[in-house]
Amino acid sequence: MLRQGTYVIMLRSCGHSPTISFNIGGEDEPTTLLRLAGRNTELIFKEIISALSRYGAISPIKISKHEEIFSIRDDLGPIIGGFLILIRRTNNPKKWLGVLNEVLEGKHPELVIAFESYLTMTIDISRINKFHSKKQKQALTPIVLDASSRALKEFVKVLLKKRENINHF
């Protein structure tokens, strides 16, 4: 199914509400790392796709009425994964979508490292987390995702505030 890349983002619109899935792996054994659903799901997905398109970092795999699947360039896949952790359970996705655009523009190289590191850390901790259920449909456990998301939000807020204060001098 996958023509290129090991990171895939998809939007499924059938059922109750749209769902974003972020997958990693080859075409034989892709693993869903996380899913996002809610009222802002389509907005988040469209903005991510638009941002990645500006850099030629995304390739369509399948587009249909109920499903859009894109392969993400390997160097940006971990950044998108970390970003999806950041916006998990957010009330204001537009605030964070601006941060993604700035990261992709190269304005915050420290956040590239943060997004990649938080994704890796969340994967590693989810592997050993005792609360992990075999029935779960995603590799990252909800308790670890929630903790990582909260921590990453605070980290980004503090970093951006410090940068803003420095730039005013």
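Here the structure is a predicted model, which is why all the values come from computation and not from measurement.

Colleague: It is not clear to me how the pattern of salt bridges should be interpreted in this structure. Could you clarify?
Modeller: Any two side chains of opposite charge can pair, on the condition that their charged atoms come close. Across all of its chains, the model carries 9 salt bridges by this definition. Here Arg-73 and Asp-75 are joined by a salt bridge, their closest N and O atoms 2.6 Å apart.

Colleague: Sorry if this is basic, but what is going on with the packing of helix α1 (residues 41-53) against helix α3 (residues 93-104) here?
Modeller: The packing of two helices is summarised by the inter-axis angle and the distance between the axes. Contact geometry of α1 with α3 gives a least axis separation of 10 Å together with a crossing angle of 15°. Between α1 and α3, the angle is such that the two are roughly parallel. α3 is crossed by α1, and the crossing has right-handed handedness. Touching Leu-43, Ile-44, Glu-47, Ile-48, Ala-51 and Leu-52 of α1 are Pro-93, Lys-94, Leu-97, Leu-100, Asn-101 and Leu-104, all from α3.

Colleague: Please clarify how the environment of Leu-36 should be interpreted in this entry.
Modeller: Inspection of the secondary structure assignment puts Leu-36 in strand β3 (residues 31-37). A relative accessible area of 10% means that Leu-36 is categorised as buried. Remark: the alpha-carbon pair of Leu-36 and Arg-89, spanning 53 residues in sequence, is separated by 8.4 Å. Here Leu-36 is in contact with Pro-18, Thr-19, Ile-20, Thr-41, Leu-84, Ile-87 and Arg-88, once residues within four sequence places are set aside.

Colleague: Explanation requested: a nonpolar patch on the surface in the structure shown.
Modeller: On the surface, Met-121, Ile-125 and Ile-128 cluster together into a nonpolar patch covering about 270 Å² of accessible area. By the element assignment, Ile-125 lies in helix α4 (residues 109-128). For Ile-125, a relative accessible area of 35% gives the class partly exposed.

Colleague: Help me out: how do you make sense of the pairing of strand β5 (residues 67-72) in this one?
Modeller: Side-chain positions along a regular strand alternate between the two faces of the sheet. The buried count for β5 comes to 6 of 6 residues, which makes it a mostly enclosed element. Side chains of β5 alternate between two faces, with Glu-67, Ile-69 and Ser-71 and Glu-68, Phe-70 and Ile-72 buried alike. Examined bridge by bridge, strand β1 (residues 7-12) and β5 share 6 bridges and lie antiparallel to one another. Residue Ile-9 lies in a different strand from β5, and its bridge partner there is Phe-70. Summarising the sheet, strand β4 (residues 58-63) and β5 pair through 5 bridges and their orientation is antiparallel.

Colleague: Is there a simple way to explain helix α2 (residues 77-86) in this structure?
Modeller: Each α-helix turn comprises 3.6 residues. Residues three or four places apart therefore point the same way. With 10 of its 10 residues buried, α2 lies for the most part within the structure. Taken together, the buried positions of α2 are occupied by Gly-77, Pro-78, Ile-79, Ile-80, Gly-81, Gly-82, Phe-83, Leu-84, Ile-85 and Leu-86.

Colleague: Explanation requested: unusual backbone geometry in the structure shown.
Modeller: Leaving glycine aside, a negative phi is the common case for residues, and trans is the common case for peptide bonds. Residue Arg-89 is not a glycine yet carries a positive backbone phi of 60°. Its place among the elements puts Arg-89 in the loop between α2 and α3.

Colleague: Is there a simple way to explain the sheet that holds strand β2 (residues 19-24) in this structure?
Modeller: By way of backbone hydrogen bonds, the strands of a sheet pair with one another, either parallel or antiparallel. Taking strand neighbours across the sheet as the criterion, the 5 strands line up as β3-β2-β1-β5-β4 in an open arrangement whose pairing is antiparallel. Strands with a single pairing partner mark the edges of an open sheet, and in this sheet they are β3 and β4. Direction aside, the axes of adjacent strands within the sheet are offset by 20° on average. Bridge count between β2 and β3: 6 bridges; the pairing is antiparallel. Across the sheet, residue Phe-22 finds its bridge partner in β3, namely Leu-34. Across the sheet, α1 is in contact with β1, β2, β3, β4 and β5; its angle to β1 comes to roughly 140°.

Parameters and conventions
- Residues numbered from 1 in each chain as written.
- Predicted model: local features only at pLDDT ≥ 70, side-chain atom pairs only at ≥ 80, totals over all residues.
- Heavy atoms only, no water.
- Salt bridge = Lys/Arg side-chain N within 4 Å of Asp/Glu carboxyl O.
- Axes fitted to C-alpha atoms, helices over the stretch in contact; angles between N-to-C directions.
- Helix = DSSP H or I, 4+ residues; strand = E, 2+ residues; numbered from the N terminus.
- Parallel < 35°, antiparallel > 145°, perpendicular 65-115°, else oblique.
- Left-handed = near helix turned anticlockwise from the far one by under 90°.
- Contact = heavy atoms within 4.5 Å.
- Buried < 20%, exposed > 50% of the residue type's maximum accessible area, 1.4 Å probe, protein only.
- Patch = residues over 30% accessible without salt bridge, like charges linked within 9 Å, V, L, I, M, F, W, Y side chains within 5 Å.
- Areas by Shrake-Rupley, 256 points an atom, 1.4 Å probe, with all protein chains shown as cover.
- Pairing = 2+ DSSP bridges.

Functional significance is not addressed by these values, which are geometric in nature.
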